[in-house]
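Analysis of the macromolecular model
For reference, the chains in residue letters:
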Amino acid sequence: QVQLVESGGGSVQAGGSLRLPCTASARTFSSYAMGWFRQAPGKEREFVGVISASGTTYSADSVKGRFTISRDNAKNTVYLQMNSLKPEDTAVYYCAARYRAAGYNRYQYDYWGQGTQVTVSS
């Protein structure tokens, strides 16, 4: 069982930045691909990006060039750095873990955090 805890959410004006950490309880954290997803009110949960166990990253087109994913295996933590935020980035952000292989949709992940709210005002 892997427990995930996100933090760092909050309210920010358009153009601002936030960094969301997600800390995992897994003893073999370095063996997990870590994904980020978001869900806005009334919308499906959508893929934001992923970092593989080996450190390769992939981001959705909607956030490419603005959001960056990194990981610190010594701290069992993955980060979502969000820059140039837009009002349409407003959502609850979730991190998720998948053993070994990276996944690009929510059905591929086994473990989820509770989510953290990000609100971007214009």
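Above this note sits the structure.
As the structure is a computational prediction, the values presented were derived from the model and not from experiment.

**So, the pairing of strand E7 (residues 67-72)**
Residues Phe67, Ile69 and Arg71 line the buried face of E7, whereas the alternating positions Thr68, Ser70 and Asp72 sit on a face that is not buried. With six bridges connecting them, E7 and strand E8 (residues 77-82) associate as antiparallel partners. Within E8, the position partnered with Arg71 by the bridge is Val78. Connecting E7 to the antiparallel partner E8 that follows it, the hairpin turn spans four residues, and Asn76 within it adopts a positive phi of roughly 55°.

**Digging into the sheet that holds strand E1 (residues 4-6)**
To summarise the sheet geometry, strands pair through backbone hydrogen bonds and adopt either a parallel or an antiparallel arrangement. On the basis of which strands lie adjacent, the open sheet formed by four strands has the order E1-E3-E8-E7 and antiparallel pairing. Two strands lie at the open edges of the sheet, namely E1 and E7, each paired on one side alone. The sheet shows a mean angle of 15° between the axes of neighbouring strands, direction not considered. Note: E1 against strand E3 (residues 18-24), three bridges, orientation antiparallel. Within E3, the position partnered with Leu4 by the bridge is Ala24.

**Notes on the packing of aromatic side chains**
If you walk through the whole model with that rule in mind, you get 10 aromatic pairs. On the numbers, 5.7 Å between centres and 75° between planes, the contact of Phe37 with Phe47 is edge-to-face. Here Phe37 is found in strand E4 (residues 32-39), whereas its partner Phe47 is found in strand E5 (residues 46-51), with 10 residues between them in sequence. No difference in accessibility class separates Phe37 from Phe47, as the two residues are buried. When the ring of Phe37 is compared with that of Tyr109, the centres are 5.3 Å apart and the planes differ by 80°; the resulting orientation is edge-to-face. Highlighted residues: Phe37 in strand E4 and Tyr109 in the loop between strand E9 (91-99) and strand E10 (111-112), separated in sequence by 72 residues. In this structure Phe37 comes out as buried when scored by relative accessible area, which is 1%. Its end group placed over the ring of Tyr94, Arg45 keeps NZ or CZ at 3.7 Å from the ring centre.

Each value, and the rule that gives it
- Each chain has its residues counted from 1, running along the sequence as written.
- Only residues with pLDDT of at least 70 are given local features in this predicted model, and only at 80 or more are side-chain atom pairs given and counted; all residues enter the totals for whole chains, interfaces and linings.
- Each side-chain value is derived from all of the structure's non-hydrogen atoms; neither hydrogens nor water enter the calculation.
- Accessible area is worked out with a 1.4 Å probe on protein chains only. A residue is then buried under 20% of its type maximum, exposed over 50%, and partly exposed in between.
- Secondary structure is summarised from DSSP: a helix means a run of H or I of at least four residues, a strand means a run of E of at least two, and numbering begins at the N terminus for each.
- DSSP calls a pair of strands paired once it identifies at least 2 bridges connecting them.
- Only the stretch in contact is used when fitting a helix axis, every axis being a line fitted to C-alpha atoms; angles between N-to-C directions are given from 0 to 180 degrees.
- What counts as a ring pair is set by centres within 6.5 Å for rings of Phe, Tyr and Trp (its six-membered ring), and what kind of pair is set by the plane angle: stacked under 30 degrees, edge-to-face over 60, tilted for all other angles.
- Sitting over a ring, as applied to charges here, requires NZ of Lys or CZ of Arg to be within 6 Å of the ring centre and within 35 degrees of the ring normal.

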